[in-house]
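Here's the letter readout for the chains.
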Amino acid sequence: AQSVSQHNHHVILSEAASLELGCNYSYGGTVNLFWYVQYPGQHLQLLLKYFSGDPLVKGIKGFEAEFIKSKFSFNLRKPSVQWSDTAEYFCAVNPSYNTDKLIFGTGTRLQVFP
Amino acid sequence: DAGVTQSPTHLIKTRGQHVTLRCSPISGHKSVSWYQQVLGQGPQFIFQYYEKEERGRGNFPDRFSARQFPNYSSELNVNALLLGDSALYLCASSTDRATEQFFGPGTRLTVL
């Protein structure tokens, strides 16, 4: 069955620390990849997406992600986190043969302390 | 430009009852998808509708049904509610399939 794994359930960092959140998926075909963020009390928002082309994708608020096809991974990174990055982060996969169906990981809760 | 809107915001029902949740997509978006997000988990796909036709269905029982109207708004219906149906129900819209989806704020359903 298609699935998405996020290895870190809860990450605690101090401001200015670097961030890397892992995401692996199990699907052998072509996929579209997404990272969504859910800030406290707000709805899901798109951070970045990968459809094709350059595997290093830049998103909003200084986030980036690298698609490594051989590892079925799409890890999220940010060189220096801020307190305002405190949120829940979801990796999602859309097998492009299919509909809009997104398969989400279980999420990673990030807490950043000043 | 207005985003995806959902109503109601919160809902409390008892076991066995029926519930209808509503979603209005972003103007110009013809695709609407529904997701269920249980506390502590990622959203799970329930349905997708495009141009009023069902394009995809997740692994949910027949108690769950949906439809899309000519103005592209959508309803999600759940019959014979169970305690396990308590969740945040999210609606997302997009211009077409396999593109970026925009999520609404969700409807928080509590089944007692």
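Higher on the page you've got the structure.
These numbers were taken from a predicted model, which means no experiment stands behind them.

(A) The packing of aromatic side chains, seen in detail. For the structure on display, the rule yields 14 aromatic pairs over all chains. Residues Y50(A) and F67(A) carry aromatic rings whose centres are separated by 4.7 Å and whose planes lie at 35 degrees to one another, so their mutual orientation is tilted. In this pair, Y50(A) is assigned in strand β6 (residues 45–50) and F67(A) in strand β8 (residues 64–68), connecting sequence segments 17 residues apart. Each member of the pair, Y50(A) together with F67(A), is buried. The structure contains a cluster of three or more aromatic residues connected by ring pairs, namely F34(A), Y36(A), F51(A), F90(A), F104(A), Y35(B), F45(B) and F103(B).

(B) Looking closely at the side chain of S74(B). Note that S74(B) resides in strand β8 (residues 74–78). Judged by relative accessible area, which is 2%, S74(B) ranks as buried.

(C) Fine view of the interface of chain A and chain B. Contact residues are listed per partner, giving 19 residues for chain A and 24 residues for chain B. Between chain A and chain B, the buried area comes to about 1600 Å², and carbon and sulfur atoms account for 55% of it. Summed over the shared surface of chain A and chain B, the number is 1 salt bridge. Between E100(B) and K49(A) there is a salt bridge, with its nearest N and O atoms 3.0 Å apart. The interface formed by chain A and chain B holds 3 residue pairs in polar contact (both at pLDDT 80 or more) in total. Going through the elements one at a time, β5 (31–38), β6 and β10 (87–95) of chain A are the ones with two or more residues in the side of chain A that touches chain B. Among the elements that make up the side of chain A that touches chain B, the one with the highest residue count is β5(A) (4 residues). For the side of chain A that touches chain B, the per-class residue count stands at 8 nonpolar, 8 polar and 3 charged.

Analysis parameters
- Residues numbered from 1 in each chain as written.
- Chains lettered and ligands numbered in written order.
- Predicted model: local features only at pLDDT ≥ 70, side-chain atom pairs only at ≥ 80, totals over all residues.
- Heavy atoms only, no water.
- Phe/Tyr/Trp six-rings, centres within 6.5 Å; stacked < 30°, edge-to-face > 60°.
- Helix = DSSP H or I, 4+ residues; strand = E, 2+ residues; numbered from the N terminus.
- Buried < 20%, exposed > 50% of the residue type's maximum accessible area, 1.4 Å probe, protein only.
- Contact = heavy atoms within 4.5 Å.
- Buried area = accessible area lost by both parts, 1.4 Å probe.
- Salt bridge = Lys/Arg side-chain N within 4 Å of Asp/Glu carboxyl O.
- Polar contact = N/O pair within 3.5 Å; in protein donor to acceptor, adjacent residues only side chain to side chain.
- Nonpolar A, V, L, I, M, F, W, Y, C, P; charged D, E, K, R; others polar.

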